[in-house]
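# Structural overview
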Amino acid sequence: MKLFSNLFKKKEKTGPEAAVVEEERPTFGAQGPADEEPAQPDEPSPSLLDAFNRLQQQVDKSPEDTALLIRMAEIACQLKDYVAMQDACERAIVVDSSLLRAHHLYAEACQAQHDVINAIAMSTKAIMLLEGQDTTYPQAADLYRLRGELLMRVGDKAGAEADMQKSVSVEPIRPAR
């Protein structure tokens, strides 16, 4: 129900933008426009879709650019397009099988699609890569937490507990609010 619909006025622009019609909407504090309904969280953002499409075009030109493929997987995750996310991760892993981030994202895509077995396999591979490298991985705690949750689902309480403890031990200390 639009309570304030009578307050909106159409304003026509002059000059080259004369064909464009713009609405003037009153705003009330930090609430935004009076008749605007809250954004649906399931609707993808047009800018994310544009970014994904631009990345797809770049990947088509440079199919072995793993940084583009991983960024594409991250955007697909935000779009909740887990099939596209898996595809981008698979393509990155084919190019370089030692990409920790690609394996981690692949595990998240599998989990989102309720493919627990493959999610465990991919998160385990990512953890193996993590433990074999000398550099830090900012999402290490999330990775251990993911596998711990997955192991709990399949009834491996000891494995889940070990991963949760590891998650806590690698979690960066966050300042108190």
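All figures in this text were calculated on a predicted structure; none of them were measured in a lab.

### Here's the deal with the overall build of the protein chain
Along its length, the protein chain carries seven helices and two strands. Reading the protein chain from its N terminus to its C terminus gives the helix and strand order β-β-α-α-α-α-α-α-α. Residues classed as buried in the protein chain amount to 31% of the 177 residues present. Of the roughly 11,800 Å² of accessible surface on the protein chain, 52% is carried by carbon and sulfur atoms.

### Observations regarding the state of the cysteines
Per the stated rule, a full pass over the model turns up zero disulfides. Sulfur of Cys 89: no disulfide; nearest cysteine sulfur belongs to Cys 110 and is 8.7 Å away. Residue class for Cys 89 comes out buried when judged on its relative accessible area of 1%.

### A word on the pattern of salt bridges
This structure, assessed with the given rule, holds five salt bridges. The shortest N-O distance in the salt bridge between Asp 163 and Arg 147 comes to 2.5 Å. With Asp 163 in helix 7 (residues 157–170) and Arg 147 in helix 6 (residues 140–153), this residue pair connects regions lying 16 residues apart in the sequence. Among the ionic contacts, a cluster of salt bridges with common partners joins Arg 71, Glu 74 and Arg 101.

### Digging into the environment of Tyr 137
For Tyr 137, the position within the fold is in the loop between helix 5 (116–131) and helix 6. Apart from the residues lying within four places of it in its own chain, the contact partners of Tyr 137 are Leu 100, Arg 101, His 104, Leu 130 and Leu 143. Among the polar contacts made by the side chain of Tyr 137, one reaches the side chain of Arg 101 at a distance of 3.4 Å.

### Thoughts on unusual backbone geometry
Despite not being glycine, Lys 80 shows a phi value in the positive range, around 60°. The partly exposed category is assigned to Lys 80, whose relative accessible area is 45%. Positioned with a positive phi, His 114 is a non-glycine residue whose angle comes to about 65°. By secondary structure assignment, the location of His 114 is in the loop between helix 4 (100–112) and helix 5.

### What to know about the side chain of Asp 163
Here Asp 163 falls in the buried class, since its relative accessible area comes to 4%. When neighbours within four sequence positions are excluded, Asp 163 is seen to be in contact with Tyr 144, Arg 147, Gly 148 and Leu 151.

The rules behind the values
- Residues numbered from 1 in each chain as written.
- Predicted model: local features only at pLDDT ≥ 70, side-chain atom pairs only at ≥ 80, totals over all residues.
- Heavy atoms only, no water.
- Helix = DSSP H or I, 4+ residues; strand = E, 2+ residues; numbered from the N terminus.
- Buried < 20%, exposed > 50% of the residue type's maximum accessible area, 1.4 Å probe, protein only.
- Areas by Shrake-Rupley, 256 points an atom, 1.4 Å probe, with all protein chains shown as cover.
- Disulfide = S-S within 2.5 Å.
- Salt bridge = Lys/Arg side-chain N within 4 Å of Asp/Glu carboxyl O.
- Contact = heavy atoms within 4.5 Å.
- Polar contact = N/O pair within 3.5 Å; in protein donor to acceptor, adjacent residues only side chain to side chain.

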